[in-house]
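# A closer look at the structure
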Amino acid sequence: MAEQTAPPESIGATGVLSAGPPGAVAPDAPPQRPDKPDAAVVRDALGVGIAVGLSGFAFGVTAAGSGLSLLQICALSLLVFTGASQFALVGALAAGGNPYTAAAGAFFLGVRNAFYGLRLSQLLALPRAVRPFAAHWVIDETTAVTVAQPTRRAARIGFTVTGLTLYVLWNLTTLVGAMGAEALGDTDVWGLDAASPAVFLALLAPMLKSTTERVTAALAVLLALTLLPVLPAGVPVLLSALAAPVVLFLMGRRKKGPGAAAQEERAIQKDTAAQKKATEKTATTEKKETTEKKGGRDS
Amino acid sequence: MNVWIAIGLTAAGCYLAKYAGLLVPAGVLERPLVRRMATLLPVALLAALTAQQTFGDGQHLVLDARAAGLAAAAFALVLRAPFLVVVGAAVAVTAGVRALG
């Protein structure tokens, strides 16, 4: 969208400013920040990994209730490994949807992981050879834990421990849930259908740091609930993602002051402005971004 | 067979989405606007997912025990409760409200 209209020289400018090769992620390199003990990172990661991993039980039970075989249920958790998509697929199949529509809905939900990957590739700086394997663990929970870490080392530990714990537990509890579904009877009686939204809310809460995030979240909720009755499953959530560019655009227009968003917006609008000017603005924004992140991570 | 087709497509599609994010060249991410967007998109998606899974029932909007469960989760989050407690509160309160109703 808007970023395509950004002056192409801004990449080069940023590269120069960070005094590194064009591909380097220097602005994000965090060596100057206070270290967090590895044990504390592992504790955080295990907390999320175990809690969410156990909720695979809810998935196993739900999927079995939808008439999938044990092998199919386990294949989903092993190969898809992104909860919302798994729940969406099972729900669509249970409702009698054809396999293509069902898969499309699940895929739409999974597209958000691509955006998490954008963030994580910056924070983790993974070697190219590791990426195909790390990719399978790029989900809500690993992203939330990784983004919250103050250093690259902590981010890598957080990602790995969360990913491993979650993958093992999610698959084990899926198996147990699928096998134990019959004994439980109606899973809604146990309130297990509330586990999934609670997980999402718990992931969302720490991200709501400023007005921009809160307004985005509110608009996304409004969009999702308005579109839910009129569009096929999976599509409303994907369209709700539009809240992000819309809010960025509106914030950029409203703030005439020295807000970072406004500066970006102006930098973009003045496509024809001198490169020097654009460079200055990028520099200010970069600094602000880094400061913001520092503040966020320390809290 | 149909179910296996759906599983295969979903697994392939979801994996490619995850991998694509990691593959995008670092130069693209250097742009402030892209970075802000990448930070803000998960906020929008998670908010939408929370709302959909709390108030959605297929294509219908409903207000049921899940809303109470989610309120409990929100309360637990305000109290800075650990993750498992937040989820546990939602499940327990939802089950409790259903049992009472």
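Keep in mind that this is a model prediction, so the values were computed, not measured.

### Some points on the overall build of chain B
Along the backbone of chain B there are 5 helices and 2 strands. If you list the helices and strands of chain B from N to C, you get α-α-α-β-β-α-α. Surface summary for chain B: the accessible area is close to 4300 Å², and the carbon and sulfur share equals 73%.

### Section: the overall build of chain A
Of the regular secondary structure elements, chain A holds 16 helices and 0 strands. A total of 299 residues make up chain A; the buried ones form 52% of that total. Within chain A, contacts between residues separated by at least 24 positions form 72% of all contacts whose residues are at least 6 apart in sequence. Surface summary for chain A: the accessible area is close to 13200 Å², and the carbon and sulfur share equals 68%.

### Observations regarding a nonpolar patch on the surface
All names here are of chain A. A surface patch of nonpolar side chains, about 420 Å² in accessible area, is lined by Leu 239, Leu 242, Val 246, Phe 249 and Leu 250. Examining the composition of the nonpolar patch, we find that 3 residues originate from one element, helix α14 (residues 243-254), more than from any other. By secondary structure assignment, the location of Leu 239 is in helix α13 (residues 235-240). Owing to a relative accessible area of 33%, Leu 239 belongs among the partly exposed residues under this scheme.

### Examining the environment of Gln 122 of chain A
With respect to the helices and strands, Gln 122 of chain A occurs in helix α7 (residues 112-124). Separated by 30 residues in the primary sequence, Gln 122 of chain A and Arg 152 of chain A place their C-alpha atoms 9.6 Å from one another.

### Looking at the packing of helix α4 (residues 65-78) of chain B against helix α5 (residues 83-100) of chain B
What describes two packed helices is the angle between their axes and the distance between those same axes. All names here are of chain B. Contact geometry for α4 and α5: axes closest at 7 Å, N-to-C directions at 150°. The way α4 lies across α5 gives a crossing that is right-handed. When α4 is examined against α5, the residues Ala 65, Arg 66, Ala 68, Gly 69, Ala 72, Ala 73, Ala 76 and Leu 77 are found in contact with a partner set consisting of Val 86, Ala 89, Ala 90, Val 93, Thr 94, Val 97 and Arg 98. Of the residues assigned to the contact of α4 with α5, the class counts are 11 nonpolar, 2 polar and 2 charged.

### Examining the UniProt feature "transmembrane region" (unreviewed entry) in chain B
All names here are of chain B. Here the UniProt-annotated "transmembrane region" (unreviewed entry) positions come out as residues 6-25, 37-55 and 67-97. Measuring from the first to the last C-alpha atom of residues 37-55 gives 27 Å, for a span that is 100% helix and 0% strand. Spanning residues 67-97, this segment combines 87% helix with 0% strand, and its end C-alpha atoms are found 10 Å apart.

### Observations regarding the interface of chain B and chain A
Residue-level contacts link 67 residues of chain B with 110 residues of chain A. When the two sides are added together, the surface that chain B and chain A hide from each other amounts to roughly 7800 Å², 75% of it contributed by carbon and sulfur. Summed over the three residues of chain B that lose the most area to chain A, namely Lys 18, Leu 22 and Phe 83 of chain B, the buried surface amounts to 10% of that side. Across the contact surface, chain B and chain A share 1 salt bridge. Of all the secondary structure elements, the ones that give two or more residues to the side of chain B that touches chain A are α1 (2-23), α2 (26-29), α3 (32-55), β2 (60-61), α4 and α5 of chain B. Considering each element in turn, the side of chain B that touches chain A owes the most residues, 24 residues, to α3 of chain B. Here the residues of the side of chain B that touches chain A sort into 45 nonpolar, 15 polar and 7 charged.

### Concerning the UniProt feature "transmembrane region" (unreviewed entry) in chain A
All names here are of chain A. The UniProt record marks residues 45-63, 157-177 and 189-208 with the feature "transmembrane region" (unreviewed entry), using the residue numbering of this structure. Counting secondary structure, residues 45-63 comes out at 95% helix and 0% strand; the distance between its end C-alpha atoms is 27 Å. Across residues 189-208, the secondary structure splits into 50% helix and 0% strand, with the terminal C-alpha atoms separated by 32 Å.

### Observations regarding the nonpolar core
In globular proteins that are soluble, nonpolar side chains generally tend to be buried together. Within the largest apolar cluster, 83 residues are counted, with the highest numbers of intra-cluster contacts made by Phe 59, Leu 76, Leu 89 and Phe 159 of chain A together with Leu 46 and Phe 83 of chain B. Residue contributions to this core peak at 11 residues, all from α3 of chain B. Among all residues touching Phe 83 of chain B, those that are not within four sequence positions of it are Gly 47, Val 48, Ala 51, Val 52, Val 199, Ala 202 and Leu 203 of chain A.

### Description of the pattern of salt bridges
Residues and elements named next belong to chain A. Counted under the stated rule, the structure contains 3 salt bridges over all chains. A salt bridge links Asp 38 to Arg 153; the shortest N-O distance between them is 2.4 Å. Here Asp 38, found in helix α2 (residues 38-54), pairs with Arg 153, found in helix α10 (residues 152-184); they are 115 residues apart in sequence, far enough to count as distant. Arg 153 gets classed as exposed once you look at its relative accessible area, which sits at 53%.

### Quick look at the side chain of Thr 142 of chain A
Along the chain, Thr 142 of chain A turns up in helix α9 (residues 140-147). When neighbours within four sequence positions are excluded, Thr 142 of chain A is seen to be in contact with Trp 137, Phe 159, Thr 162 and Gly 163 of chain A.

### A closer look at the packing of aromatic side chains
Working definition: an aromatic ring pair is given by the centre-to-centre distance plus the angle between the planes. Residues and elements named next belong to chain A. On inspection of all chains with the given rule, the structure shows 5 aromatic pairs over all chains. Between Phe 59 and Trp 170 the ring centres are 6.1 Å apart and the planes differ by 20°, which places this aromatic pair in the stacked class. Linking Phe 59 in helix α3 (residues 56-65) with Trp 170 in helix α10, this pair joins segments that are 111 residues apart in sequence. Assessed through its relative accessible area of 0%, Phe 59 is described here as buried. Taking the relative accessible area as the measure of exposure, Trp 170 reaches 6% and is therefore buried. One aromatic cluster in this structure is built from Phe 59, Phe 87 and Trp 170.

### Examining helix α5 (residues 83-94) of chain A
The end-to-end C-alpha distance of α5 of chain A is 16 Å, a good match for the 16 Å that 12 residues give at a rise of 1.5 Å each. Following α5 of chain A by one or two positions, Gly 96 of chain A adopts a phi angle in the positive range, close to 90°.

### Points about the environment of Phe 107 of chain A
Along the polypeptide, Phe 107 of chain A turns up in helix α6 (residues 99-110). Spatially, the C-alpha atoms of Phe 107 of chain A and Leu 89 of chain A are 8.8 Å apart, while their sequence positions differ by 18 residues. Every residue in contact with Phe 107 of chain A, bar those within four places of it in the chain, is listed here: Gly 13, Cys 14 and Ala 17 of chain B.

Cut-off values and rules
Every residue gets a number counted from 1 within its own chain, in the order that chain's sequence is written. Throughout, the order in which chains and ligands are written sets their labels, letters from A for the former and numbers from 1 for the latter. Residues qualify for local features only when their pLDDT is at least 70, as the model is predicted, and side-chain atom pairs are given and counted only at 80 or more; totals for whole chains, interfaces and linings, by contrast, use all residues. The basis for every side-chain value is the complete set of heavy atoms in the structure, and neither hydrogens nor water enter the calculation. Each helix is a run of DSSP H or I of at least 4 residues and each strand a run of E of at least 2, with the numbering of both proceeding from the N terminus. The protein chains shown are the only cover counted for residues, whose accessible areas, like all others here, come from Shrake-Rupley with a 1.4 Å probe. The buried label goes to any residue with under 20% of its type's maximum accessible area, the exposed label to any with over 50%, and the partly exposed label to all in between, with areas taken from a 1.4 Å probe on protein chains only. Only heavy atoms enter the contact rule, under which two residues are in contact if any of them lie within 4.5 Å. Without a salt bridge and with relative accessible area above 30%, a residue can belong to a patch; like charges are then joined within 9 Å and nonpolar side chains (Val, Leu, Ile, Met, Phe, Trp, Tyr) within 5 Å. Each reported salt bridge corresponds to a side-chain nitrogen of Lys or Arg within 4 Å of a carboxyl oxygen of Asp or Glu. Every axis in this analysis is a line fitted to C-alpha atoms, fitted for helices over the stretch in contact. Angles between the N-to-C directions lie between 0 and 180 degrees. Should the near helix be turned anticlockwise from the far one by less than a right angle, the crossing is termed left-handed; should it be turned clockwise, right-handed. Each residue is assigned to one of three groups, with Ala, Val, Leu, Ile, Met, Phe, Trp, Tyr, Cys and Pro labelled nonpolar, Asp, Glu, Lys and Arg labelled charged, and all others, Gly among them, labelled polar. UniProt positions are given in the numbering used here, feature names are shortened, and annotations may be inferred rather than shown by experiment. Two parts placed together each lose some accessible area under a 1.4 Å probe, and adding up what both lose gives the buried area. The set of buried Ala, Val, Leu, Ile, Met, Phe, Trp, Tyr and Cys residues whose side-chain atoms join them within 4.5 Å is what this entry labels a nonpolar core. Aromatic pairs are defined between Phe, Tyr and Trp rings, using the six-membered ring for Trp, whenever the two ring centres lie within 6.5 Å; interplanar angles under 30 degrees are classed as stacked, those over 60 as edge-to-face, and all others as tilted. One less than the residue count of a helix, multiplied by 1.5 Å, gives the span that helix is expected to have.

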